[in-house]
Amino acid sequence: MQMQRTILWVIFTMSLVLLWDAWQKHQGAPGMFQSAPRTEQRLETAGGAAPSGSSDGSVPVTAAPDTQAAQTAPVAQPSIGEKQREIVGIHNDLVHIDVDLRGGVLVRGELLTHRAADGDGALQLFSSQRDRFYVAQYGLINAPAGVQYPTHVTQFSLEGDKSDSAITLVANQGGLRVERRLSLKPGSYVVDVTDTVTNVGDKAAMPVLYRQLTRDDHKPGGETQFYSTFVGPVIYTDAEKFHKMNFGDVLDGSAKHVTDANDGWVGVIQHYFAVAWLPPDGVARTYYTQASGPGLISVGYKQPLGELAPGEQRSTNARLFLGPQDQRLLETLAPGLDLTVDYGFLTIIAKPLWWLLQTLHGFVHNWGWAIVLLTLIVKTIFFPLQAASYKSMARMKAVAPRLTALREKYGDDRVQLNQKMMELYKTEKINPLGGCLPILVQIPVFISLYWVLQASVEMRDAPWIGWIHDLASPDPYYVLPLLMAISMFVQTKLNPTPPDPVQAKVMLFMPIVFSVMFFFFPAGLVLYWLVNNLYSIAQQWVITRKIVKPH
């Protein structure tokens, strides 16, 4: 029975690893046993297509037929011989934005108070580099045949005086004049965008405004084969709530999502950060996703502006959020925006854990110590269940010599051996699987706690003690992973020793094997597992001492 129990534990542990791998793939991330997807090389003229001008609500997959060549024109750096484009910037104390006057495209967005993953300067979300393309675009479509409205490749010009935090861009094309105002308020991650469209032609117009994010499938820095998170487009509406999509599904046209709505928002999320277009509620819009070039996807919304008679003017506004996934901030900006901090199907458990973690941080003012306290509190709450597991394992350890003697006596008679073992279990009131069931009950809670720590941007650049200056990065000297391996080894020694010498050696090597991944995990996650193990060791040692009497 000891051998069967050991095998069950090995199978259970490996099942958790495989379950984790499947969950990573479900989230759109590469599995633990595969390399991260490689981003294709892009031409410098990659730009992304504008959405279709059709009014039937269908999700576009190509540019409007009459303007396809123009609308897939570049917004990145110009090719040789092309006239240098003019870039203008606005900023506040948190964000710096660069805007290309060709199309008014946001081609660079830096978060000034967040460092890049490699530590080289500020974190950059938007970029027009050939191997890291990520921009915000907007324009007008639904022009009559042979007519081109201002899009994200139309040349704009500056209007009036430019300030550090606001600019006004103007373009006149196809009988429509677009005046676009972009502004940043102090202490805000939100760009306020107002488009005023005037019909300067002699015929009525029915323009449709689009706003979109176009991005390639590059992964953010700081991730490894053992540690990967979801990156991709999301759409939120009150009817269908938070909906994620994989890059591959958008590229091949199989992505499913809500289209027509009068609420919600659209964006792209990555680990710790998000970018989202936030239209005003109560305004009809059509959400869309599309492949916009080799390895490029666009996600956005179309908003009909209605009929504009000659000389008529209409204004519409939206907000563009680009910043950290700070749940307290996101809750104030738009319904459901805080769900970009994605805990998946464990949200109902993870949310209270996050609240408790925040509360503890309010007392200790250090995220590392808050993790320690949270782990201790959760472990203490589950102590009755944990104690039942440890008592079962302690009893198994206490009768291990008697089980070994039975195997030596009845080793050739499996039926007799099993009968004697069951009699021993019954006499000593031992359930061989009693140590497993209490642990199974706790698994959802501890996985939820894991996701809370993994998804919390507050851990980024948060120090703990001494050499740990960033709980979101791996331990630079591997002290915590090594302590983690030692704690796992101690736990193995406290458990009943398998009678088979080969199995015993396997159990001793398992902590080393499973600790390898912790060398690549963020220090905050390793700290959580280490504290969890140390507290478990203390609990198990006390209970074992009470049951296994010294001779």
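Rules and cut-offs
Residues numbered from 1 in each chain as written. Predicted model: local features only at pLDDT ≥ 70, side-chain atom pairs only at ≥ 80, totals over all residues. Heavy atoms only, no water. Helix = DSSP H or I, 4+ residues; strand = E, 2+ residues; numbered from the N terminus. Buried < 20%, exposed > 50% of the residue type's maximum accessible area, 1.4 Å probe, protein only. Contact = heavy atoms within 4.5 Å. Areas by Shrake-Rupley, 256 points an atom, 1.4 Å probe, with all protein chains shown as cover. Arc of directions from axis to C-beta. pLDDT = per-residue confidence, 0-100. Salt bridge = Lys/Arg side-chain N within 4 Å of Asp/Glu carboxyl O. Pairing = 2+ DSSP bridges. Core = buried A, V, L, I, M, F, W, Y, C linked by side-chain atoms within 4.5 Å. Phe/Tyr/Trp six-rings, centres within 6.5 Å; stacked < 30°, edge-to-face > 60°. Lys NZ or Arg CZ within 6 Å of the ring centre and 35° of its normal. 1 Å grid on protein atoms, 1.4 Å probe; cavity = no way out; pocket = protein on both sides within 12 Å on 5 of 7 lines; lining within 4 Å. Points joined across faces, edges and corners; volume = space filled by probe spheres on them. Nonpolar A, V, L, I, M, F, W, Y, C, P; charged D, E, K, R; others polar.

Bringing the overall build of the chain into the picture now. Looking only at helices and strands, the chain has 13 helices and 19 strands in total. Expressed as a percentage of its 551 residues, the buried residues of the chain come to 53%. For the chain, the proportion of contacts with a sequence separation of at least 24, taken over those separated by at least 6, is 67%. Of the accessible surface of the chain, which amounts to about 24,500 Å², a share of 60% is contributed by carbon and sulfur atoms.

What follows concerns helix H8 (residues 400-410). Residues Ala400, Leu403, Leu406, Arg407 and Tyr410 constitute the buried set of H8. Axial view of H8: buried residues confined to an arc of 115 degrees, hence all on one face. Facing away from the buried side of H8, by more than 90 degrees, are the exposed residues Pro401, Glu408 and Lys409.

The next thing to look at is the side chain of Arg180. Take Arg180: it is sitting in strand S9 (residues 176-184). Setting aside its immediate chain neighbours within four residues, Arg180 contacts Gly103, Gly104, Tyr138, Gly139, Phe156, Ile167, Thr168, Leu169, Val193, Thr194 and Asp195.

Here we take up the confidence of the model for the chain. Low pLDDT marks regions whose predicted coordinates should not be analysed in detail. Counting all residues, the mean pLDDT for the chain is 80, and 75% of those residues have values of 70 or more. Contacts of residues 1-12 to residues separated by more than four positions or lying in other chains number 34 contacts, the stretch itself having pLDDT below 50. Segment residues 53-83 is flagged for pLDDT under 50; beyond a separation of four residues in sequence, or across chains, it makes 90 contacts in the model.

The subject of this paragraph is the pattern of salt bridges. In total, this model carries 13 salt bridges according to the counting rule given. Across the pair Asp461 and Arg115 runs a salt bridge, and its minimum N-O distance is 2.4 Å. One end of the pair, Asp461, is in the loop between helix H10 (437-455) and helix H11 (479-494); the other, Arg115, is in strand S3 (residues 105-115), and 346 residues separate them in sequence. Owing to a relative accessible area of 30%, Asp461 belongs among the partly exposed residues under this scheme. Of the residues examined, Arg115 reaches a relative accessible area of 26% and is grouped as partly exposed.

Across the sheet, 9 strands lie side by side as S7-S8-S9-S10-S19-S16-S15-S12-S13; this open sheet has antiparallel pairing. Strands with a single pairing partner mark the edges of an open sheet, and in this sheet they are strand S7 (157-158) and strand S13 (241-244). Bridging between strand S10 (residues 190-199) and strand S19 (residues 313-324) involves 9 bridges; their strand directions are antiparallel. Looking at the pairing, Asp195 lines up with Thr316 of S19.

Our next topic: the pairing of strand S8 (residues 166-173). Along S8, 6 of the 8 residues are buried, which leaves the element largely enclosed by surrounding structure. Relative to S9, S8 is paired through 8 bridges, and the arrangement is antiparallel. Its bridge partner lying in S9, Ala166 is registered against Ser183. Counted between consecutive antiparallel strands, the loop separating S8 from S9 contains 2 residues, among which Gly174 sits at a positive phi close to 65 degrees.

By size, the foremost hydrophobic cluster in this structure holds 113 residues, and its most contacted members are Trp277 and Leu357. It is H10 that provides the largest number of residues to this core, a total of 8 residues. Those residues in contact with Leu357, other than ones at most four positions away along the chain, are Trp367, Ala370, Ile371, Leu374, Val452, Leu453 and Met459. The next biggest cluster of nonpolar side chains, apart from the first, holds 9 residues, and it includes Val399, Tyr410, Met421 and Leu424.

To continue, consider the packing of aromatic side chains. Overall, the coordinates contain 13 aromatic pairs when judged by the stated rule. Note on Phe242 and Trp265: the rings are 6.3 Å apart at their centroids and 50 degrees apart in plane angle, and the pair reads as tilted. Of the two residues, Phe242 is situated in strand S13 and Trp265 in strand S15 (residues 265-270); the sequence distance between them amounts to 23 residues. Each member of the pair, Phe242 as well as Trp265, is classed as buried. An angle of 45 degrees between the planes, with centres 5.0 Å apart, marks the rings of Tyr528 and Trp529 as tilted. Of the residues examined, Trp529 reaches a relative accessible area of 25% and is grouped as partly exposed. Here the aromatic residues Tyr450, Trp451, Phe518, Phe521, Tyr528 and Trp529 are joined through ring pairs into a cluster of three or more. The ring of Tyr134 has Arg215 lying over it, and the distance from NZ or CZ to the ring centre is 4.6 Å.

With that settled, consider empty space enclosed by the protein. Per the stated rule, a full pass over the model turns up 2 cavities of 30 Å³ or more. What the second largest cavity holds in volume is close to 40 Å³. Contributing to the lining of the second largest cavity are 11 residues, with Leu453, Met459, Leu471, Pro522 and Leu525 lying nearest its centre. Breaking the lining of the second largest cavity down by element, the ones donating at least two residues are H10 and helix H13 (523-547). Taken together, the residues of the lining of the second largest cavity sort by class into 9 nonpolar, 2 polar and no charged.

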